[in-house]
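Each chain is listed here by its residues.
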Amino acid sequence: MLRRVFGMNLKYQRLRQGLTQEEAAARCKISSEYWGKMERGVQAATLDVVEKVSVGLNVDAKELLNEVT
């Protein structure tokens, strides 16, 4: 469940900033393949990756982990 929530929030933040998966991944210093898997919810993110994404996209980590209601 959390993996899916993170993936949806990842995609939302990326699209909100007008970035492709490749651009977002480069900003966050992770591979675009890994990024795509996280967005689809098939790859879990480590806490280190959550932090990289938070810094790279300039969003609070809790925004990436909270379920939107």
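Residues numbered from 1 in each chain as written. Predicted model: local features only at pLDDT ≥ 70, side-chain atom pairs only at ≥ 80, totals over all residues. Heavy atoms only, no water.

Caption draft 1: Seen up close, the confidence of the model for the protein chain. Per-residue pLDDT for the protein chain averages 95, and the proportion of residues at 70 or more is 99%. For the protein chain, the element scoring lowest by mean pLDDT is helix 5 (residues 61–65), at 94; helix 2 (residues 21–28) scores highest, at 98. (pLDDT = per-residue confidence, 0-100. Helix = DSSP H or I, 4+ residues; strand = E, 2+ residues; numbered from the N terminus.)

Caption draft 2: Layout of helix 2. Listed in full, the buried residues belonging to helix 2 are Ala 24, Ala 25 and Cys 28. Looking straight down helix 2, one finds that the buried residues subtend no more than 100° of arc, so they occupy a single side. Exposed residues lying more than 90 degrees from the buried face of helix 2 are Glu 22 and Ala 26. Considering only its buried residues, helix 2 is in contact with helix 1 (2–16), helix 3 (32–40) and helix 4 (47–57). Phi for Lys 29, located one or two positions after helix 2, is positive at around 60°. (Buried < 20%, exposed > 50% of the residue type's maximum accessible area, 1.4 Å probe, protein only. Arc of directions from axis to C-beta. Contact = heavy atoms within 4.5 Å.)

Caption draft 3: Highlighting the side chain of Glu 39. Within the element layout of this structure, Glu 39 appears in helix 3. When residues no more than four places from it in sequence are discounted, the contact partners of Glu 39 are Gly 7, Met 8, Leu 10, Lys 11, Arg 14 and Gln 21.

Caption draft 4: Seen up close, the nonpolar core. Core analysis: the biggest nonpolar cluster contains 16 residues, and Ile 30, Trp 35, Met 38, Val 53 and Leu 57 have the highest contact counts within it. For this core, the secondary-structure elements that each account for two or more residues are helix 1, helix 2, helix 3 and helix 4. The dominant element in this core, judged by the number of residues it contributes, is helix 4, at four residues. Those residues within four positions of Leu 57 in sequence are excluded, and the remaining contacts are Gln 13, Gln 17, Leu 19, Ala 24, Cys 28 and Trp 35. (Core = buried A, V, L, I, M, F, W, Y, C linked by side-chain atoms within 4.5 Å.)

Caption draft 5: Structural view of unusual backbone geometry. Phi is positive for Lys 29, which is not a glycine, with a value near 60°. Secondary-structure assignment places Lys 29 in the loop between helix 2 and helix 3. We classify Lys 29 as exposed; its relative accessible area is 67%. Positive phi, normally seen in glycine, also occurs at Asn 58, with a value near 60°. Within the secondary structure layout, Asn 58 lies in the loop between helix 4 and helix 5.

Caption draft 6: How the structure looks around the environment of Lys 37. Mapped onto the elements, Lys 37 comes out in helix 3. Taking the relative accessible area as the measure of exposure, Lys 37 reaches 29% and is therefore partly exposed. Put simply, Lys 37 and Glu 23 are 14 residues apart on the chain and 15 Å apart in space, counted from C-alpha to C-alpha. Lys 37 has contacts with Val 42 and Gln 43, leaving out every residue within four places of it along the chain.

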